[in-house]
Every structure is written in structure tokens, then in C-alpha cells.
Amino acid sequence: MEFPVAVALAQAVPELPAGRGWWFEPKLDGHRTILWCEAGRVRLQSRSGRDVSAVWADLARAGARLPVGTVLDGEAVVYVDGRVDFGAAQARAASSPARAAQLAARHPASFAAWDILVHSELGDVRSRPYVERRALLLEVLQDVGPPLQAVPATDDRETALVWYEALRPQGVEGLVAKQAASPYRASRIWRKVRHAETVDVDVVGFTGSRARPRALAVRLPEGPMVLSQPVSAPVARAVAARLAGAGPGRSARTASGAAYSAVETGLVAEVLAGTTRHGVVAVTRLR
């Protein structure tokens, strides 16, 4: 399997699926990360395919304890005062390597693994059913220990509903449901239920300057391109950090005629679901 790998995603649904064959996992509020343990090095990949090893160097060092040839899928999370803190993870992801090291010294990262894509002895296991991959994941991690740990999982819907409410104060933002017999595919094969009524959208451009973006051009799930309301200062700084390394942009317009600079950012933004029915959406944060 070549680096980077296209990741499996989840489709938002209003409630947990019922019936036989479903497994449920807590959805932690962090940064989606693929961890590659290769001969002589460990690499970490973001959801968009970027190499983010430098900002998650503490996880890269921990990943060296895995068998060579292992590739795991999971979430890079940061705990602050015993709670998953998305803001701390976002600050790390948007930092320079030197700044990331300073942040890691205060709040080390953890890797919440939920899938194994490549096994050191069996090779690529993405075609195997979820329940087989889950067993392999637990086997690989059993002697590794923190900060690399498997997320809990259950096939009991009632237990999952208890998790949904009880774990919220710890920073768990919802649940992900997966079919027991499903392989790992780069599409929206899972289902997710979240406490916040938000939607994930692709960032395809911006208004303002690269150093100080004012609003974001986003592609809604239904397909149209729209401009967001002016973004907050933390979001603007995170976008500016990514734009600094992005390629040249081009002038573009939304369907309503609003002008923006189109650029491939690889960013995903979280927007308030209710606002997507209007011409302008409200960005809450970057994913």
C-alpha cells in the first residue's frame, strides 16, 4: 500500500442504526490520522493525505514500538484536564514543528486507533471484515500501551447509547457505527451520530488575503459552492497556515456570483447544519 492512503469516512445520520450486524465506537474529537510504521521511520498522514509527522512527533516515537509494516487508522487527540480538547489538537496541527514540540511538552498527544489497514505479517487487510480487522488491531496493540490505544467498541446498541450520553463530558462528540462484515473502503461506509448539529464540508477557497482570510468558500454536501460568514480569528490563523504552503490560486465565483480565490487546501470545515439552507454558512471550526 502506497503513502498516502485514501481514508474511509462516515455519513452523518440522525440516530444510531438498529438491527443485527452493527458495531459502535465512541467518536473522539481530534485530528484524523493514519499511522505508518515502516522500516527505520514512522510517518503520520492527515485525512487529506499530508505528511504530518513533524507536528505529531511524540506519536511517531510511540509508533516505533509497533511491528514494522503496520498501518493503523485512528485519531490524534490531546487531553487537557482529563478531557479531550479539540482546540489543543487544532493548535498542534496548525503549529510549526518547533512550536508543536513545545505544546507536546505541556500536553502530550494520544492515538486512538480504530482500524488496522496493513498487518506486519498478513499484509493489506482492508478487504477483511471489520470484526476480523478489529481482532487484529487488539492483538497488535495489546503489548504496546499508551499513548497508542484502541477505542472501545460494542455490538450492543443499548450500551452504545449509554456511551453517547455518559462520555460527552469527557470530550466524546458522538458515536460511529460500522457493519461487522464490511471491508475498509475509501468512501462513506460508516454512519456517525454527533451531539452537535454540524456538517463537514470541503474548503475550496477563501476571500481576503492569504495571510488574513476573511471568509471561506466551501462545497456543501449537496454540491453547490458557497461563501461562509466571516470566520473567527483562530480559524483564520489555521487556514492562513495551510494557505502559506498551498499552490497558486485562481479567481472563481459561486453560483450566486460571489467572488473568491479558489485553491486546493485539503481542509475540511465544520459548519452549522441549519445555516447550509441559506446562501451563507457559519463555520464553527476546522476538522
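Rules of the game
- Here the residue index of a chain counts from 1 through its sequence in written order.
- The predicted origin of the model limits local features to residues at a pLDDT of at least 70 and limits the giving and counting of side-chain atom pairs to 80 or more, whereas totals for whole chains, interfaces and linings rest on all residues.
- Only hydrogens and water are set aside; all other atoms, that is, all heavy atoms of the structure, feed into the side-chain values.
- By nonpolar core is meant a set of buried Ala, Val, Leu, Ile, Met, Phe, Trp, Tyr and Cys residues that side-chain atoms within 4.5 Å join together.
- Throughout this description, buried means an accessible area under 20% of the type-specific maximum (1.4 Å probe, protein chains only), exposed means over 50%, and partly exposed covers the range between.
- The secondary structure listing takes helices from DSSP runs of H or I that are at least 4 residues long and strands from runs of E that are at least 2 residues long, numbered from the N terminus.
- In this analysis, two residues are considered to be in contact whenever any of their non-hydrogen atoms come within 4.5 Å of each other.
- When a carboxyl oxygen of Asp or Glu is within 4 Å of a side-chain nitrogen of Lys or Arg, the pair counts as a salt bridge.
- Directions drawn from the helix axis to the C-beta atoms are what define this arc.
- Pairing between two strands is assigned when DSSP locates at least 2 bridges connecting them.
- Whenever a helix is involved, its axis is fitted only over the stretch in contact; in every case the axis is a line through C-alpha atoms, and angles between N-to-C directions fall within 0 to 180 degrees.

## Things to note about the nonpolar core
Core analysis: the biggest nonpolar cluster contains 31 residues, and Ile34, Leu117, Tyr184 and Trp190 have the highest contact counts within it. Of all the secondary structure elements, the ones that give two or more residues to this core are β1 (9–12), β2 (22–28), β3 (31–38), β5 (71–80), β7 (109–119), α5 (157–166), β10 (172–179) and β11 (188–194). Excluding its chain neighbours within four sequence positions, the residues that come into contact with Ile34 are Val5, Val7, Arg43, Leu44, Gln45, Val71, Leu72, Asp73, Leu117 and Tyr184. Counting residues in hydrophobic clusters, the runner-up holds 29 residues, among them Leu35, Val55, Val144 and Leu148.

## Observations concerning the pattern of salt bridges
On inspection of all chains with the given rule, the structure shows 14 salt bridges. Salt-bridge contacts for Arg32 lead to Asp73; the nearest nitrogen and oxygen are separated by 2.7 Å. One end of the pair, Arg32, is in strand β3; the other, Asp73, is in strand β5, and 41 residues separate them in sequence. By relative accessible area, Arg32 is classed as buried at 15%. Judged by its relative accessible area of 0%, Asp73 is buried. The salt bridge involving Arg194 is made with Glu173; its shortest N-O contact spans 3.9 Å. Here the residue Arg194 occupies a position in strand β11, and Glu173 occupies one in strand β10, the gap between them amounting to 21 residues. Each member of the pair, Arg194 as well as Glu173, carries the same accessibility label: buried. Linked through salt bridges whose partners overlap, the residues forming this network are Lys27, Glu173, Lys192, Arg194, Asp200 and Glu270.

## Some thoughts on the environment of Trp36
Relative to the elements of secondary structure, Trp36 occurs in strand β3. For Trp36, a relative accessible area of 3% puts it in the buried group. A sequence separation of 22 residues divides Trp36 from Asp58, and the C-alpha atoms of the two residues are 14 Å apart. Other than its neighbours up to four places away in sequence, Trp36 contacts Met1, Glu2, Phe3, Pro4, Val5, Arg41, Val42, Arg43, Gln45, Thr70 and Val71.

## Thoughts on α5
Since the α-helix turns once every 3.6 residues, residues separated by three or four places project in the same direction. Considered for burial, the residues of α5 that qualify are Ala160, Trp163 and Tyr164. Projected onto a plane normal to the axis of α5, the buried residues spread over an arc of 105 degrees and lie on a single side. Of the residues in α5, the exposed ones pointing more than 90 degrees away from the buried face are Glu158, Val162 and Glu165. For α5, the secondary structure elements touched by its buried residues are β2, β10 and β11.

## Examining the sheet that holds β2
Pairing within the open sheet is mixed, and its 4 strands lie in the order β1-β11-β10-β2. At either margin of the open sheet sits one strand with a lone partner, and together these are β1 and β2. Neighbouring strand axes in the sheet, compared pairwise and without regard to direction, differ in orientation by 35 degrees on average. Bridging between β2 and β10 involves 7 bridges; their strand directions are antiparallel. Paired with Trp22 across the two strands is Gln179, which belongs to β10.

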